[in-house]
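Now for the letters of each chain:
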Amino acid sequence: GLQMSEKKKTILVTGGAGYIGSHTCVELLGAGYDVVIVDNFVNSKPESVRRIEKIANRKVALHGVDACDPIAMAKVFDAHSIDAAIHFAALKSVGESVSKPLEYYRNNVDSLLVVLETMRARGVRHFVFSSSATVYGNPHSVPIDESFPLSATNPYGQSKLIAEQVLRDVLLAEPDWKIATLRYFNPVGAHESGLIGEDPNGIPNNLMPYVAQVAVGKLPKLRVFGGDYATPDGTGVRDFIHVVDLARGHLAALDTLFKQGRSVTVNLGTGNGYSVLDAIRAFEAASGRPIAYEIVARRPGDIGSCYANPAAAERELGWRAEFGIERMCADQWRWQSGNPDGYPADAA
Ligand code: NAD
Ligand code: WQD
């Protein structure tokens, strides 16, 4: 536990009401950090914050503002003594980014710049950034090392590449910053309480939420995009990582920044590749429900295989993923079956 003399650190979590942010807030609160959430609820609901508080049995400070708004962000920093920021806030739909590039660049780049500028003005120098395996584009081989070439095939991915470039340039110019750039693979699952989880708007784009909605009877069948990849069963292979493992990676990153004063760029994945058909079978076993599916054409922009070499995260952060695909599916199912329509909207 914390010593009386040890002041609890306060972490600003932008996008803290969202999928990965909410799970990270639970872990932060459990570890004794104070948490300040900034979220404009463009892709989440305030109910997730109430559930974070319920799980942790602690309060968080919530500011329902846009991280791109410098005046609002200055007020957030005025209201709290912030020690570090974890910046989750972003728009994240690959397909939507192709049709709305200006919205994606504006939101994802501006929010980063405003958070960094506000931090700099207040002397806050510890920063954790949500990057993505998408920065590897179509990798020449797997597993993927941090040293692989970076590229983007859509505005979402390009916004992450731009963000990483901004962070590298800031570190070169102002070495007193301590920055962790975390490249997530495919987060799935939910908190074991079943109280928080991923709550996509409309029909899910991503595999696991789609599978979960087929299992619960909300969608009739999964379309498996491509059965002719150069993978063991022909379907796409991904590095699914339990969202609680991913959340804990952020605490490990904060520790590295605070205690070792080192900046890092690392993959957060398990190192294990599972195919779409493997994921379907694991979900059927966890839920006891059949998943109807048909194999259809490839989805444009998809790649065959994508999984991490997670060794750098273990070396640099002392972190590794603990949960396997069975647990990911069991927790995803508990969330989906307990909350078939996601979080309730706020009574106005
Ligand atoms: P999410 O949409 O559930 O969470 C993002 C949160 O940010 C939402 O609550 C949204 O309302 C909020 N937000 C967006 N723009 C904002 C703004 N301008 N001001 C304030 N709040 C804002 O997404 P997630 O899956 O939790 O992703 C979190 C981060 O991780 C994102 O940066 C995303 O790009 C990145 N990431 C996600 C995945 C994934 O597969 N989920 C993979 C790699 C990287
Ligand atoms: C996984 C596999 C699909 C849906 C995306 C982003 C990436 C990152 C994580 C943010 C693929 C197949 C999917 C379906 C299917 N996000 N699939 N039927 O594409 O690996 O990564 O989310 O940074 O940038 O691109 O994840 O869950 O969409 O797909 O067959 O209805 O499932 O083809 O092989 P992806 P995904």
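Starting from 1, residues in each chain are numbered consecutively following that chain's sequence as written. Each chain takes a letter, starting from A, and each ligand takes a number, starting from 1, following the order in which they are written. Per-residue local features are limited, in this predicted model, to residues with pLDDT of at least 70; the limit for side-chain atom pairs, both in listing and counting, is 80 or more; totals at the level of whole chains, interfaces and linings are taken over all residues. In computing side-chain values, all of the structure's heavy atoms are included and hydrogens and water are not.

**Observations concerning the sheet that holds strand β14 (residues 305–306)**
Then, number 1: Judged by pairing direction, the sheet is mixed, and its 3 strands sit side by side in the order β12-β9-β14 without closing on themselves. Edge strands, defined here as strands with exactly one partner in the open sheet, are β12 (274–275) and β14.
Then, number 2: Whether two strands pair depends on DSSP finding at least two bridges between them. Put simply, DSSP H or I for four residues or longer makes a helix, DSSP E for two residues or longer makes a strand, and each gets a number counted from the N terminus. Here 2 bridges tie strand β9 (residues 237–238) to β12, and the two strands are oriented antiparallel to one another. When the bridges of β12 are listed, Val237 appears paired with Ser275.

**Some details on the site of ligand 1**
Then, number 1: Neighbouring ligand 1 are 28 residues, the closest being Asp39, Asn43, Ser44, Asn107 and Tyr156.
Then, number 2: At a separation of 2.8 Å, an oxygen atom of ligand 1 approaches a polar backbone atom of Tyr19.
Then, number 3: Asp39 is positioned such that a nitrogen or oxygen atom in its side chain is 2.6 Å from an oxygen atom of ligand 1.
Then, number 4: Every accessible area reported is derived by Shrake-Rupley at a probe size of 1.4 Å, with residue values counting cover from the shown protein chains alone. Surface burial for ligand 1 is 95%, taken as the share of its 820 Å² of free accessible area covered by protein chains.
Then, number 5: Those elements that provide at least two residues to the shell around ligand 1 are α1 (19–30), β5 (126–132) and α6 (155–173). The criterion for a residue being near a molecule or strand is simple. One of its heavy atoms has to lie within 4 Å of it. Pairs of N or O atoms within 3.5 Å make up the polar contacts considered here, provided that, within protein, one atom can donate a hydrogen while the other can accept it, and that residues adjacent in sequence are counted only when both atoms are side-chain atoms.

**Quick word on empty space enclosed by the protein**
Then, number 1: Of the two site types, the cavity is a set of points on a 1 Å grid over the protein atoms alone where a 1.4 Å probe fits but cannot get out, and the pocket is an open set with protein on both sides within 12 Å along at least five of seven lines, each lined by residues with an atom within 4 Å of a point. Grid points are joined across faces, edges and corners, and a volume is the space filled by probe spheres set on the points. According to the stated counting rule, one finds 1 cavity of 30 Å³ or more in the structure shown.
Then, number 2: The space that makes up the largest cavity amounts to roughly 40 Å³.
Then, number 3: Lining the largest cavity are His87, Ala89, Ala90, Asn108, Ser111, Phe129, Ser159, Lys160 and Ala163.
Then, number 4: For the lining of the largest cavity, the elements supplying multiple residues, two or more each, are α5 (101–122) and α6.
Then, number 5: Sort the elements by how many residues they give to the lining of the largest cavity and α6 lands first, with 3 residues.
Then, number 6: In the scheme used here, Gly and all other residues not listed as nonpolar or charged are polar, with Ala, Val, Leu, Ile, Met, Phe, Trp, Tyr, Cys and Pro taken as nonpolar and Asp, Glu, Lys and Arg as charged. Residues belonging to the lining of the largest cavity are distributed by class as follows: 4 nonpolar, 4 polar and 1 charged.

**Things to note about the UniProt feature "domain: NAD(P)-binding" (unreviewed entry) in the protein chain**
Then, number 1: UniProt positions are given in the numbering used here, feature names are shortened, and annotations may be inferred rather than shown by experiment. UniProt's feature table lists "domain: NAD(P)-binding" (unreviewed entry) at residues 12–331, given in the numbering used throughout.
Then, number 2: Summarising residues 12–331: 41% helix, 17% strand, and an end-to-end C-alpha distance of 27 Å.

**A short note on the site of ligand 2**
Then, number 1: Taken together, 18 residues are adjacent to ligand 2, and Ser132, Tyr156, Arg223, Arg238 and Asp302 come closest.
Then, number 2: Within the backbone of Leu207, one N or O atom sits 2.8 Å away from an oxygen atom of ligand 2.
Then, number 3: Backbone polar atom of Arg223 to a nitrogen atom of ligand 2: 2.7 Å apart, as the coordinates give it.
Then, number 4: Taken together, the elements giving at least two residues each to the shell around ligand 2 come down to α7 (207–215) and β8 (222–225).
Then, number 5: Residue composition of the shell around ligand 2, grouped by class: 8 nonpolar, 6 polar and 4 charged.

**With respect to the sheet that holds β5**
Strands belonging to one sheet form pairs held by backbone hydrogen bonds; the direction of such a pair is parallel or antiparallel.
Then, number 1: Ordered by their spatial adjacency, 7 strands build an open sheet running β3-β2-β1-β4-β5-β6-β11, and the pairing between neighbours is parallel. Edge positions in the sheet fall to β3 (61–63) and β11 (264–268), since each of these pairs with one other strand and no more. The sheet shows a mean angle of 20 degrees between the axes of neighbouring strands, direction not considered.
Then, number 2: In terms of strand pairing, strand β2 (residues 34–38) meets β3 through 3 bridges, oriented parallel. Counted as the bridge partner of Val38 is His63 from β3.
Then, number 3: Sitting on the sheet, α6 is in contact with β5 and β6 (178–184), with an inclination near 150 degrees to β5. Interaxial angle, 0 to 180 degrees, is taken between N-to-C directions of lines fitted to C-alpha atoms, where a helix line uses only the stretch in contact. Only heavy atoms matter for contacts: two residues are in contact if any of them lie within 4.5 Å across the pair.

**Remarks on the packing of α7 against helix α9 (residues 276–287)**
Then, number 1: Between α7 and α9, whose axes approach to 11 Å, the crossing angle comes to 40 degrees. Overall, the two elements α7 and α9 adopt an arrangement that is oblique. You can see that α7 and α9 cross each other, and the crossing is right-handed. Residue-level contacts link Leu207, Met208, Val211, Ala212 and Ala215 of α7 to Val276, Ala279, Phe283 and Ser287 of α9.
Then, number 2: Of the residues contributing to the contact of α7 with α9, the split by class is 8 nonpolar, 1 polar and no charged. Oblique is the label for every angle not falling under 35 degrees (roughly parallel), over 145 degrees (roughly antiparallel), or within 65 to 115 degrees (roughly perpendicular). Here is the rule for handedness: rotate from the far helix to the near one, and if that takes an anticlockwise turn smaller than a right angle the crossing is left-handed, while a clockwise turn gives right-handed.

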